[in-house]
Amino acid sequence: MVSKRMQASLEGSICIRDIFEEGKKLAAIYGKENIFNFSIGNPSVEPPAIVNAAMKEVLDSEDALTLHGYPANVGHPDVRQAVAKHLNKNFETSYTLDNIIMTSGAASAIAILCNTFLDPEDEVITFAPYFWEYKSYVESFYGKLVPALCDQKTLQPDEKTFEKAFSPRTKFVLINTPNNPTGAVYTEASIRMVAKVMQQKELEYGHPIYLISDEPYRNLAYNNIPVPYLTHYYRNTIVVYSYSKALSIPGERIGYIAIESCVDDFAEIIATATASIRYLGYVNAPSLQQKMLKKCVDASVDISIYEKTRDILYDGLTAMGYECIHPDGAFYLFVKALEEDDTSFCNEAKKERIIMAPGSAFYGPGWVRISYCVPSELAKASLPAFQRLKERYDRGA
Ligand code: PLP
């Protein structure tokens with residue numbers, strides 16, 4: 001018998017992967033070019049050429065036993081040093097290799113931090129809408145995820161809702177900007193507000209409250225919009241990063257946790273996180289990918305391709321009368337459903353062969369998420385289908 005806890009967590013959950021698979025089945029029936037599958041966040045831009053070249057170079061040049069053997073749980077020292085140097089150059093930080101833990105992407109980094117910080121019934125605040133897996137990560141460690149709903153006009157964090165979400169059991173705040181599912185980049189004013197409220201709450205409760213910044217989309221910000229580096233605003237910040245989207249390599253599972261030495265209980269956190277890597281069964285981030293990364297720390301995918309697709313969809317949909325927030329980052333467009341029930345709206349859209357994820361899956365009911373990591377031509381070809389969908393609702397059909 002499987003665990004009651006897992007059974008309960010699966011009940012009624014909306015699985016985006018299932019929606020994606022359904023879209024794939026439809027594509028097999030009607031042809032790929034006739035199905036507009038906007039359900040999943042799987043990168044559609046090729047990894048930069050340096051990624052494959054670096055992997056080959058590593059395979060040809062590194063000692064095989066060292067390369068394929070167990071590295072330290074926290075990762076190869078030279079790779080951690082390269083990451084620290086990259087961050088210091090770009091964000092005026094003062095990391096050394098001792099501040100960096102290599103992880104199998106952001107997902108494992110968050111799981112490691114949940115294991116590090118959470119006792120049963122401890123609370124984690126996150127701004128909603130949020131990446132649907134956050135709930136699973138937190139609940140897997142017997143914690144409670146407390147959503148703080150963003151302002152519904154701007155999709156920026158809202159001060160009043162945020163303040164109300166705290167309790168003496170709040171261990172950390174999990175923030176994600178550029179955001180999945182909304183594409184919003186939280187402004188500097190929003191970040192200052194978050195830092196101010198958290199400082200007040202730390203004083204009120206008399207213990208550290210950490211800010212965990214999950215930033216797999218940091219590189220995917222358009223028109224040079226600034227994405228504030230949160231350690232400059234709040235001392236107890238821990239950064240989680242992933243190369244899944246920045247280098248288009250989600251299957252390779254590589255990322256890191258960065259913790260500045262000034263963070264409260266720094267040594268204890270590093271020791272506990274290191275043990276968590278083992279206890280949770282990750283053991284270490286993939287060794288070959290770590291070594292590849294050392295040669296690619298400054299590389300990035302060509303984000304102009306995503307930007308072009310975003311413009312096609314945003315301009316096209318708003319011209320038809322759809323309501324959406326202009327997304328400044330990531331590859332998601334959050335659109336108001338044309339009826340209250342976002343799942344029913346997604347089902348109606350399917351009749352036009354448009355596959356989208358309902359906002360309810362992200363604690364954003366009444367909205368839908370379009371994941372626009374698809375070829376620009378497909379996005380363009382989808383516009384008449386969106387037009388027909390809108391006309392059907394306008395006619396009340
Ligand atoms: N956090 C957010 C906000 C995401 O959107 C994703 C993946 O889509 C992850 C974390 C997990 O990413 P990774 O592939 O690095 O585990």
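Residues numbered from 1 in each chain as written. Predicted model: local features only at pLDDT ≥ 70, side-chain atom pairs only at ≥ 80, totals over all residues. Heavy atoms only, no water.

Caption draft 1: Just the sheet that holds strand β4 (residues 144-149), in detail. With mixed pairing, the seven strands of this open sheet are ordered in space as β2-β8-β7-β6-β5-β3-β4. Each edge of the open sheet carries a strand with a single partner, namely β2 (100-103) and β4. On average, adjacent strands in this sheet sit at an angle of 20 degrees to one another, irrespective of strand direction. Note: β2 against strand β8 (residues 255-259), four bridges, orientation antiparallel. Paired with I100 across the two strands is A258, which belongs to β8. The strands touched by helix α6 (residues 105-117) within the sheet are β2, β5 (170-175), β6 (210-214), β7 (237-242) and β8, with β7 carrying the most contacts at an inclination of about 150 degrees. (Pairing = 2+ DSSP bridges. Helix = DSSP H or I, 4+ residues; strand = E, 2+ residues; numbered from the N terminus. Axes fitted to C-alpha atoms, helices over the stretch in contact; angles between N-to-C directions. Contact = heavy atoms within 4.5 Å.)

Caption draft 2: Broad picture of the environment of N284. Counting through the fold element by element, N284 comes out in the loop between α10 (266-279) and α11 (287-294). A residue is classified by how much of its surface remains accessible, and N284, at 15% relative accessible area, is buried. Sequence-wise, N284 and Q200 are 84 residues apart; in three dimensions their C-alpha atoms are separated by 37 Å. (Buried < 20%, exposed > 50% of the residue type's maximum accessible area, 1.4 Å probe, protein only.)

Caption draft 3: Representation of the pairing of strand β12 (residues 367-371). Most of β12 is tucked away, with five of its five residues classed as buried. A two-sided burial pattern is seen for β12, the buried positions comprising W367, R369 and S371 on one face and V368 and I370 on the other. Relative to β12, strand β9 (residues 332-336) is paired through five bridges, and the arrangement is antiparallel. Its bridge partner being in β12, K336 is matched across the sheet by W367.

Caption draft 4: Summary view of the sheet that holds strand β11 (residues 357-358). Spatial strand order, β9-β12-β11: three strands in an open sheet with antiparallel pairing. What marks the edges here is a single partner per strand, and that holds for β9 and β11. Running over the sheet, helix α12 (residues 304-320) touches β9 and β12 and is turned about 10 degrees from β9.

Caption draft 5: Summary view of the domain arrangement of the chain. According to the domain assignment, the chain consists of domain 1 (4-48 + 302-394) and domain 2 (49-296). Summarising the inter-unit geometry, the C-alpha centres of domain 1 and domain 2 are found 26 Å apart. Each partner contributes to the interface: domain 1 provides 28 residues, whereas domain 2 provides 36 residues. Roughly 2800 Å² of surface becomes buried between domain 1 and domain 2 when both sides are summed, with 63% attributable to carbon and sulfur atoms. Together, P48, D328 and Y363 form the three largest contributors to the area buried by domain 1 at its contact with domain 2, with a combined 23%. (Domains from an automatic or database assignment. Buried area = accessible area lost by both parts, 1.4 Å probe.)

Caption draft 6: Representation of the nonpolar core within the structure. Core analysis: the largest hydrophobic core is formed by 39 residues, its most contacted members being L317, I370 and F386. At the level of elements, α12, β9, α13 (342-351), β12 and α14 (376-394) are the ones that each hand at least two residues to this core. Among the elements that line this core, the one with the most residues is α14, at seven residues. Built from parts of two domains, this core gets at least three residues from each of domain 1 (4-48 + 302-394) and domain 2 (49-296). Residues within four places of F386 in sequence aside, it is in contact with F38, L313, L317, M320, Y322, I354, M356 and I370. Of all hydrophobic cores here, the second largest spans 34 residues; its members include I110, A128, F141 and I269. (Core = buried A, V, L, I, M, F, W, Y, C linked by side-chain atoms within 4.5 Å.)

Caption draft 7: Up close: the site of the ligand. Around the ligand, the surrounding shell holds 14 residues, and the nearest of these are A106, D214, Y217, S242 and R253. Between the ligand and the protein, one listed contact pairs an oxygen atom with a side-chain N or O atom of Y217 at 2.7 Å. The element best represented in the shell around the ligand is α6, accounting for three residues. Split by residue class, the shell around the ligand holds six nonpolar, five polar and three charged. (Near = heavy atom within 4 Å. Polar contact = N/O pair within 3.5 Å; in protein donor to acceptor, adjacent residues only side chain to side chain. Nonpolar A, V, L, I, M, F, W, Y, C, P; charged D, E, K, R; others polar.)

Caption draft 8: Examining the pattern of salt bridges more closely. Considering all chains together, one arrives at 22 salt bridges under this definition. The shortest N-O distance in the salt bridge between D78 and K291 comes to 2.7 Å. Here the residue D78 occupies a position in helix α5 (residues 77-91), and K291 occupies one in helix α11, the gap between them amounting to 213 residues. The class for D78 is partly exposed, based on a relative accessible area of 26%. The residue E352 makes a salt bridge to R392 at a minimum N-O spacing of 3.3 Å. With E352 in the loop between α13 and β10 (354-355) and R392 in helix α14, this residue pair connects regions lying 40 residues apart in the sequence. In this pair, the class of E352 matches that of R392, namely buried. (Salt bridge = Lys/Arg side-chain N within 4 Å of Asp/Glu carboxyl O.)

Caption draft 9: Geometry of the side chain of S104. Structurally, S104 can be placed in the loop between β2 and α6. On the accessibility criterion, S104 (13% relative accessible area) is buried. Setting aside residues no more than four positions away along its own chain, S104 makes contact with R253, I254, Y282, N284, A285 and P286.

Caption draft 10: Geometry of α10. For α10, spanning 14 residues, the distance from its first C-alpha to its last is 20 Å, which sits close to the expected 20 Å at 1.5 Å a residue. The set of residues buried in α10 consists of F266, I269, I270, A273, T274, A275, S276 and I277. Positive phi appears at G281, one or two residues downstream of α10, with a value of about 90 degrees. (Expected span 1.5 Å × (residues − 1).)

Caption draft 11: Structural detail: the state of the cysteines. Tallied over the entire structure, the rule returns zero disulfides. Free of any disulfide, C114 has its nearest neighbouring cysteine sulfur in C150, separated by 19 Å. On the basis of relative accessibility, which here comes to 0%, the residue C114 falls in the buried class. Between C324, a cysteine without a disulfide, and C346, which holds the nearest cysteine sulfur, the sulfur-to-sulfur distance is 14 Å. (Disulfide = S-S within 2.5 Å.)

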